Amino acid sequence: MRFLASARCTYCLNPAVYVREYEGIKFCSNCFREAVEARCRKTVIKHKMLRYDDHLAVALSGGKDSLTLLNILTKLERRFPLSSMTAISVDEGIKNYRDEALELARSACARLGVHHLVVSYDELFGVTTDEIAAKKLGQTPCSYCGVFRRKAINTAATMIGATKIATAHNLDDEVQTVLLNLLHGDPLRIIRSGPVLEDPRGKFLPRIKPLCDTPEKEIVLYAYLTGLQFQSIECPHGHEALRNDIRAFLNQMEVKHPGTKFTLLRSAEKLRAEMAADLALSDLHECLKCGDPTPHELCEACVMMETITA
Ligand code: SF4
Ligand code: ZN
Ligand code: ZN
């Protein structure tokens, strides 16, 4: 992020606070916030993410990404009187970490007038992330936590009759995941993912990612300039070594070659388009145990529950 002492906004000539290196555009704070919101709206329209009458479930962790998403979607949703929105927060059971985020999520929903639902791993799965971490199983706590969060949000969204789930994955998350999948030897996951994941048979709730082409640093600045209160402390279990290395590598590349992250995102999009969208879902069926979508007999969450209780 580069702040400019004497530069002027490309659009209105007010003092600039940020330059988008990959586009060569300078922004004052107002134009910057408008540009971030406009990009999100454009992504929603481009990928036909929303219908006028959707009941949208927004995954809200209390971090900068999800609070930014909620803020922007609330403005968008107001334009559609037949649509509705519920924020869903998940309490993973992480002491001295999640409570603060849940409180920030609660107060943001109260301020924006959004209905808020909190579900916990303890009530849904009978186990917390702290307990999983203490068991020192083969994989990192994040591997379990990420899979259980997806399931918890799916369960809660289905429970309230939502028609779609919106998550706050940003550009950095998306391209890190593309490289992670390649390095894990699982390229088909790249095809199965994307800005919209929809089942043509209508069996599973569609998931959308309206911030998928917004860089993380722009979300941080947007949250800061908008005065959003978000959680800044890090999760005590969050040590995904490979993802951290990929993050550092991509950030270095972005500094040396602005636009690298967008190029990687577009490459993944081209791959998906080439390999046909329905290929991503044709091999998805219902988990034999819980009915959730999975390319295998059991979904990841059910397999993980078995390893925890074994
Ligand atoms: Fe869960 Fe890992 Fe995120 Fe912590 S960092 S909340 S353990 S996924
Ligand atoms: Zn301006
Ligand atoms: Zn299952």
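Residues numbered from 1 in each chain as written. Chains lettered and ligands numbered in written order. Predicted model: local features only at pLDDT ≥ 70, side-chain atom pairs only at ≥ 80, totals over all residues. Heavy atoms only, no water.

A. Inspection of the pattern of salt bridges at higher detail. What the rule picks out here adds up to 20 salt bridges. Across the pair Asp292 and Lys151 runs a salt bridge, and its minimum N-O distance is 3.0 Å. Highlighted residues: Asp292 in the loop between β9 (285-286) and β10 (293-294) and Lys151 in helix α6 (residues 141-159), separated in sequence by 141 residues. Accessibility assignment for this pair places Asp292 and Lys151 in one class, buried. Residue Glu306 is joined to Lys289 by a salt bridge in which the shortest nitrogen-to-oxygen separation is 3.2 Å. With a gap of 17 residues between them, Glu306 in helix α13 (residues 300-309) and Lys289 in the loop between β9 and β10 connect regions that are remote in the sequence. The exposure class assigned to Lys289 is exposed, which follows from its relative accessible area of 53%. Look at the salt bridges and you will find they share partners, linking Arg20, Glu23, Arg39 and Glu218 into a network. (Salt bridge = Lys/Arg side-chain N within 4 Å of Asp/Glu carboxyl O. Helix = DSSP H or I, 4+ residues; strand = E, 2+ residues; numbered from the N terminus. Buried < 20%, exposed > 50% of the residue type's maximum accessible area, 1.4 Å probe, protein only.)

B. Up close: the coordination of the zinc ion (ligand 2). Looking at the zinc ion (ligand 2), one finds its protein donor set to be Cys9 (SG), Cys12 (SG), Cys28 (SG) and Cys31 (SG), positioned 2.2 to 2.4 Å from the metal centre. With four donor atoms in place around the zinc ion (ligand 2) and angles of 101 to 120° between them, the coordination shape is tetrahedral. Judged by relative accessible area, which is 1%, Cys9 ranks as buried. A residue is classified by how much of its surface remains accessible, and Cys12, at 34% relative accessible area, is partly exposed. (Donors = N, O, S within 2.8 Å, 3.2 Å for Na, K, Ca; no water. Tetrahedral: all angles 85-135°; square planar, octahedral: opposite > 155°, others 65-115°.)

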